[in-house]
Amino acid sequence: MKHMLTISKLTKHFSIQERTLIALQDIDLSVTEGEFITIIGPSGCGKSTLLRCIAGFEPPTTGFVQVEGQEVSRPGIDRMMVFQGLDQLFPWLTALENVAFALRVTRTARGTAKSRALARDYINLVGLRGYEDFYPHQLSGGMKQRVAIARALSVQPKILLMDEPFGSLDAFTRKALQEELTSIWQTTKVTVLFVTHNIEEAIVQGDRIIAMSPQPGRILSVIDNPILRPRTPDSTEFAGIWDALHRLLGIQKGPAGGVLRPPQKTAPFEEIETPHLVAT
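What this report covers is the structure whose coordinates are included nearby. All of these numbers come straight from a predicted model, not from anything done at the bench.

Reading the values: the criteria
All residue numbers here refer to positions counted from 1 along the written sequence of the relevant chain. For a predicted model such as this one, the threshold for reporting local features is a pLDDT of at least 70, and the threshold for listing and counting side-chain atom pairs is 80 or more; totals across whole chains, interfaces and linings nevertheless cover every residue. Remark: hydrogens and water are excluded; side-chain values derive from all non-hydrogen atoms of the structure. Cavities and pockets were defined on a 1 Å grid built from protein atoms only: a cavity is a group of points that admits a 1.4 Å probe but offers it no way out, a pocket is an open group of points flanked by protein on both sides within 12 Å along at least five of seven lines, and a lining residue is one with an atom within 4 Å of any such point. Grid points are joined across faces, edges and corners, and a volume is the space filled by probe spheres set on the points. Secondary structure is summarised from DSSP: a helix means a run of H or I of at least four residues, a strand means a run of E of at least two, and numbering begins at the N terminus for each. Only the contacting stretch of a helix is used when fitting its axis, a line to C-alpha atoms as for every element, and angles between N-to-C directions run 0 to 180 degrees. Angular relationships are summarised with four words: roughly parallel below 35 degrees, roughly antiparallel beyond 145, roughly perpendicular across 65 to 115, and oblique for the angles in between. Two helices that cross are described as forming a left-handed crossing if the nearer one is turned anticlockwise from the farther one by less than a right angle, and a right-handed crossing if clockwise. When checking whether two residues touch, look at their non-hydrogen atoms; a contact exists if any pair is within 4.5 Å. Ten residues, namely Ala, Val, Leu, Ile, Met, Phe, Trp, Tyr, Cys and Pro, are considered nonpolar, four, namely Asp, Glu, Lys and Arg, are considered charged, and the remaining ones, Gly among them, are considered polar.

## A few points about empty space enclosed by the protein
Counted under the stated rule, the structure contains one cavity of 30 Å³ or more. When its volume is computed, the largest cavity comes out at roughly 30 Å³. Lining the largest cavity are Val-126, Arg-146, Ile-149, Phe-166, Leu-177, Glu-180, Leu-181 and Ile-184. Elements represented by at least two residues in the lining of the largest cavity include exactly helix 4 (141-154) and helix 5 (171-188). Looking at the lining of the largest cavity element by element, the count peaks at four residues for helix 5.

## Structural notes on the packing of helix 3 (residues 112-125) against helix 4
Contact geometry for helix 3 and helix 4: axes closest at 9 Å, N-to-C directions at 130°. Our classification of the angle between helix 3 and helix 4 gives oblique. Regarding helix 3 and helix 4, the two cross each other, and that crossing is right-handed. The residues of helix 4 that touch helix 3, namely those facing Leu-118, Tyr-122, Ile-123 and Leu-125, are Ala-150, Leu-153 and Ser-154. Within the contact of helix 3 with helix 4, the residues separate by chemical class into six nonpolar, one polar and no charged.

Dropping the structure here:
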């Protein structure tokens, strides 16, 4: 398969008053078409900044980002982004109109009838048939994220960038959307880069898992995930990747019984996340 995304020696600095913050340092990464990549690391390690550089929202200080051999210098509809916040939709537009708006603005579909018809297809793709005429305030958090995903996919991007899209949702909704996103990815074959703090989510979703260091953000390791989908935490391979990520990210093991948890925090197995170290 061909290379979709190439990142070479990417470093990103931010100047804050008289201080220079190194958000990312010497990032090298190659992603092939159709891959599902998850990115995990502590808060402040530059995960979101990396996505923003790929999206063209932030210029690299040094290094470069290329999509299919073309250097990224600005945002484009070949790279669409879904954020964590539940306020991404236009509140004065219905679910269908939010998706159709993106189609009209990007000229992916010309004319109101064509844009609404295509928008309806993507609303159906994310499982919201029957909710086309609902406004954002009438939708649950999970439904809003489904609409945001439908809007991003409707313009047929080459790369879908997802910045903790399920981080604000409850555990049940999060699990349902993980499964739905996998189904959508398998249908559309879009290349996905997915940022998360949740180790289980990183393993369930990613075919390769990128573990990042605390600030300045560097790639500690890229872990191949050979587990067949659908993935569950009860397999030996899952436990092996779980342990490897805990070692890489410096998360401590608990007492006898093998319970794993971040320092100074106790949580059920399925809810353990990477520690939030430095917010930027």
